[in-house]
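Here are the chains, one letter per residue:
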Amino acid sequence: MTKSGSGANRPGMTAPAPKPWIDAIAPYVPGRATADGGRKAIKLSSNENPFGTGEAAKAAYAAEARSLDRYPDAGAAALREAIGAHYGIEAERVIHGTGSDEVLHLAAGAFAGVGDEIAYARYGFSVYDIAARRVGATPIVAPDKDYATDVDALLACVTERTRVVYVANPNNPTGTYTSRGEIARLHAGLPSDCLLVIDQAYTEYLDPEDDDGALELARTAPNVLVTRTFSKIFGLAAERIGWGYGPAPVIAAMHKIRAPFNVTTAGQHAAIAALRDAAFVERSRAHNATWRAWFSDQMDALPGLRVVPSKANFVLVLFEGRLRAEAAYKGLMDAGYIVRWLPGQGLPDALRITIGTEDEMRGVVDALTAMASAA
Ligand SMILES: *Cc1c(COP(=O)(O)O)cnc(C)c1O
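Residues numbered from 1 in each chain as written. Predicted model: local features only at pLDDT ≥ 70, side-chain atom pairs only at ≥ 80, totals over all residues. Heavy atoms only, no water.

### Things to note about the packing of aromatic side chains
Enumeration over the complete set of coordinates arrives at 10 aromatic pairs. Three or more aromatic residues link up through ring pairs in this structure, and these residues are Tyr 120, Phe 125, Tyr 128 and Tyr 166. One Lys or Arg, Arg 228, reaches over the ring of Tyr 87 and ends 5.0 Å from the middle of that ring. Of note, Arg 362 hangs over the ring of Trp 294, and the distance from its end group to the ring centre comes to 5.1 Å. (Phe/Tyr/Trp six-rings, centres within 6.5 Å; stacked < 30°, edge-to-face > 60°. Lys NZ or Arg CZ within 6 Å of the ring centre and 35° of its normal.)

### Digging into helix α9 (residues 248-257)
Taken as a whole, α9 has its buried residues at Val 250, Ile 251 and Met 254. One side of α9 holds all its buried residues, which, seen down the axis, span an arc of 95°. Residues of α9 that are exposed and point more than 90 degrees away from the buried face comprise Pro 249 and Lys 256. The elements touched by buried residues of α9 are β2 (94-98), α4 (99-111), β6 (195-199), β7 (224-229) and β8 (241-245). (Buried < 20%, exposed > 50% of the residue type's maximum accessible area, 1.4 Å probe, protein only. Helix = DSSP H or I, 4+ residues; strand = E, 2+ residues; numbered from the N terminus. Arc of directions from axis to C-beta. Contact = heavy atoms within 4.5 Å.)

### Topic: the site of the ligand
Looking at the ligand, the residues that line it are Gly 99, Ser 100, Asp 101, Phe 125, Asn 172, Asp 199, Ala 201, Tyr 202, Thr 229, Ser 231, Lys 232 and Arg 240. Within the side chain of Tyr 202, a nitrogen or oxygen atom sits 2.6 Å from an oxygen atom of the ligand. Isolated, the ligand exposes 390 Å² of accessible area, and the fraction of that covered by the protein chains is 94%. Split into classes, the residues belonging to the shell around the ligand amount to three nonpolar, five polar and four charged. (Near = heavy atom within 4 Å. Polar contact = N/O pair within 3.5 Å; in protein donor to acceptor, adjacent residues only side chain to side chain. Areas by Shrake-Rupley, 256 points an atom, 1.4 Å probe, with all protein chains shown as cover. Nonpolar A, V, L, I, M, F, W, Y, C, P; charged D, E, K, R; others polar.)

### Concerning the environment of Gly 244
Of note, Gly 244 is situated in strand β8. Separated by 46 residues in sequence, Gly 244 and Ile 198 place their C-alpha atoms 9.5 Å apart. With residues up to four places along the chain from it excluded, the contact list for Gly 244 reads Arg 93, Val 94, Ile 95, Val 103, Leu 225, Val 226, Thr 227 and Ile 251.

### Observations concerning the pairing of β6
Within β6, five of the five residues are buried, which leaves it mostly tucked inside the rest of the structure. Along β6, one buried face is formed by Leu 195, Val 197 and Asp 199 and the opposite face, lined by Leu 196 and Ile 198, is buried too. Sheet topology places strand β5 (residues 162-168) next to β6; five bridges connect them, and they run parallel. Residue pairing for β6: Val 164 is matched across the bridge by Leu 195. (Pairing = 2+ DSSP bridges.)

### Thoughts on the layout of surface pockets
Estimates place the volume of the largest pocket at around 590 Å³. Along its surface, the largest pocket is lined by 26 residues, and Pro 27, Val 29, Ser 126, Gly 344 and Gln 345 are the ones closest to its centre. Grouping the amino acids of the lining of the largest pocket by side-chain chemistry returns 17 nonpolar, four polar and five charged. Here the lining of the largest pocket spans two domains, and each of domain 1 (31-51 + 279-374) and domain 2 (64-276) adds at least three residues to it. (1 Å grid on protein atoms, 1.4 Å probe; cavity = no way out; pocket = protein on both sides within 12 Å on 5 of 7 lines; lining within 4 Å. Points joined across faces, edges and corners; volume = space filled by probe spheres on them. Domains from an automatic or database assignment.)

### Let's talk about the UniProt feature "domain: Aminotransferase class I/classII large" (unreviewed entry) in the protein
The feature "domain: Aminotransferase class I/classII large" (unreviewed entry), as annotated in UniProt, sits at residues 40-368 in this numbering. For residues 40-368, helix accounts for 40% and strand for 19%, while the C-alpha atoms at its two ends are 20 Å apart. (UniProt positions renumbered as here; feature names shortened; annotations may be inferred.)

### What about the domain arrangement of the protein?
You can read the domains of the protein as domain 1 (31-51 + 279-374) and domain 2 (64-276). Between domain 1 and domain 2, the C-alpha centre-to-centre distance is 26 Å. Listed per partner, the contact involves 24 residues of domain 1 and 25 residues of domain 2. Interface of domain 1 and domain 2: buried area, both sides summed, is about 2,000 Å²; carbon and sulfur atoms make up 60% of it. With its nearest N and O atoms 2.5 Å apart, the salt bridge here joins Asp 210 to Lys 311. Seen at the junction of domain 1 and domain 2, the total is six residue pairs in polar contact (both at pLDDT 80 or more). Mapped by element, the contributors of at least two residues to the side of domain 1 that touches domain 2 are α11 (278-301), β10 (314-319) and β13 (347-354). The element that contributes the greatest number of residues to the side of domain 1 that touches domain 2 is α11, accounting for six residues. For the side of domain 1 that touches domain 2, a count of residues per class yields 10 nonpolar, nine polar and five charged. (Buried area = accessible area lost by both parts, 1.4 Å probe. Salt bridge = Lys/Arg side-chain N within 4 Å of Asp/Glu carboxyl O.)

Written out as structure tokens, the structure reads:
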């Protein structure tokens, strides 16, 4: 006979209780990969690269397929060196993450907790809310200005309890861009003990003349962290690789709570190759610029539809006429295109549509044109 522990005899058996701030999290909703009924469809819901992965990155990944038994380099030294050389920044101030999602979480984890506040703009990236609540901090949402980050509104939210401010630039899901001057003004208005996290997941899609100055700020200021990802233009979303760059003490604090072997060996090698494949990156950027402009014009020409001007690889389309966003979402699904409808992010009248191949964009325009004229 086994003796039951005293716990089993506790009156009124209870289940483990999540912390209240964990209970309060609305789970992250990923872009769907299959249509209703499990049908295969074209996925324009997660801002992935329509050209897939570059050949050099694929080859580097494949070369690691036979060595699966050893742990990866915990410090990702070769990857951080490659990033440092490519961007002209100090490798020892780069932290690698399981996607930049991990880096965003590490910033909250190292610098905020119960009783602290984390601020970001309305329609900011949905991970910011989760990153704040996960550590027990209170998310503070500043009003937007025409779907974009309003620096004055964000600064007005800052209190002595604010530990972290997140800004995505360009922002997801709106595609809006905050200029270099506005980023500098935001930074200048923040107390120096508040960490400004500038999330540049889409920075490679900017026109060559656009630079928000974030890397330069992170190089010189004591309280600026930049995050980047290999998931978007570099075409490595499946491998989960991102990085951050900031002041040495900020990076050191984040390393303490980073998972030790957080980026795979094949992923590290693939990322280095992707970084050096300038032709693939430029082809992806140029394609996106062309078709984003064309697609935006087409949407603006349809009755009741309007786009939020985008600098990213997706466009937020507002449905303000007879054709509603939900109906358009379902109609596109029936036509074989999965896009992102975002009622959970306060955008029930909008769809976020990733810029795909030429054929895909023409197909989406044809389907929406038919729906808009029938509505
Ligand atoms: C896609 C995205 C990320 C990063 O994703 P990872 O795959 O985790 O690197 C970060 N921020 C924004 C705004 C994004 O859209």
